[in-house]
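Close look at the chain arrangement
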Amino acid sequence: MALNKDELKHLYRKRAWLYDLSANLYYLIGFREQAYRRKAIAALRLKRGDTVVEIGCGTGLNFPLFRDAVGSEGKIIGVDLTAEMLQKAGERVRRNGWANVELVHGDAAEFRFPPNLGGVISTFALTLVPEFDRAIRNGCLALIPGKRWVVLDFKLPSWRAAALFVPLLVFLTKPFGVRRELAERHPWESIGKYLGGVSITELYFGFTYIAVGEKGAACQE
């Protein structure tokens, strides 16, 4: 059964202190997480001075990549449900002396996106949000026309024999709240519903994907 929001907060409250280390352990099974993050952020096509919102920012692992893209004149807004994860993100921000990062403690579905965004992204987080469709729509409405919403997340692959490996994948990702029931959530379909120019790239034998959409006429109040 998929975890509810209170259970997710409890889980990530406990995992916050070792999150970065535990995430890196997946390299041992060939899961190139940092490379996937770089690929997803590159797909945003951010420019210097842009404002980017990250839904489920966690400990701020993506912040250095955002900073490289938007520069000191841009702005990074990180939203997360768990205060302890944001505490670690805040430590990262202070350690690097970044003055253009804003951290928001709150629910992704209730977050009020500021206008004129240069990009919205979620990496390995949005599938955990039951109301992901609302978050995607709200983010789309706040984007500047032509700017992008990007989702990097897990999914079940389409190849027939993949079902044999699903129990292993669920076991390996269970520490991060991933459950088999989450396979019924398809954020990429909401990207296709609200945005145009959609592309979907499968990674890691189809167990991971990057969905990219650009704001166009379909995303209106």
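What comes next concerns the included structure. (Residues numbered from 1 in each chain as written. Predicted model: local features only at pLDDT ≥ 70, side-chain atom pairs only at ≥ 80, totals over all residues. Heavy atoms only, no water.)

1. A closer look at the overall build of the protein chain
Cut-off, in case you're wondering: Under the scheme used here, helices are H or I runs from DSSP no shorter than 4 residues and strands are E runs no shorter than 2 residues, and both carry numbers assigned from the N terminus. For every residue, the accessible area obtained with a 1.4 Å probe (protein chains only) is divided by the maximum for its type, and the residue is called buried under 20%, exposed over 50%, and partly exposed between those limits.
Each helix and strand in the protein chain was counted, giving 8 helices and 7 strands. Expressed as a percentage of the 221 residues in the protein chain, the buried residues total 54%.

2. Details of the nonpolar core
Note the cut-off: Working definition of a nonpolar core: buried Ala, Val, Leu, Ile, Met, Phe, Trp, Tyr and Cys residues. They are joined through side-chain atoms within 4.5 Å. Should any heavy atoms of two residues lie within 4.5 Å, those residues are considered in contact.
Counting residues in each nonpolar core, the largest one holds 29 residues, and the members touching the most others are Phe-63, Phe-66 and Val-150. In terms of residue count, helix α3 (residues 33-44) provides more of this core than any other element does, 5 residues in total. Here Phe-66 is in contact with Ile-41, Leu-44, Leu-46, Val-52, Glu-54, Gly-71, Ile-76 and Ile-121, once residues within four sequence places are set aside. One finds Val-104, Leu-117, Phe-132 and Ile-136 within the second-largest nonpolar core, a separate group that totals 27 residues.

3. Observations concerning helix α4 (residues 63-70)
Given 3.6 residues per helical turn, the α-helix brings residues three or four places apart onto the same face. For clarity, the threshold we go by: Read the arc as the range of directions from the helix axis to the C-beta atoms.
Phe-63, Leu-65, Phe-66 and Val-70 are the residues of α4 that are buried. With its buried residues spanning 160 degrees around the axis, α4 presents them on a single face. Residues of α4 that are buried sit in contact with α3, β1 (51-55), β2 (75-80), α5 (83-96), β3 (101-105) and β4 (117-123).

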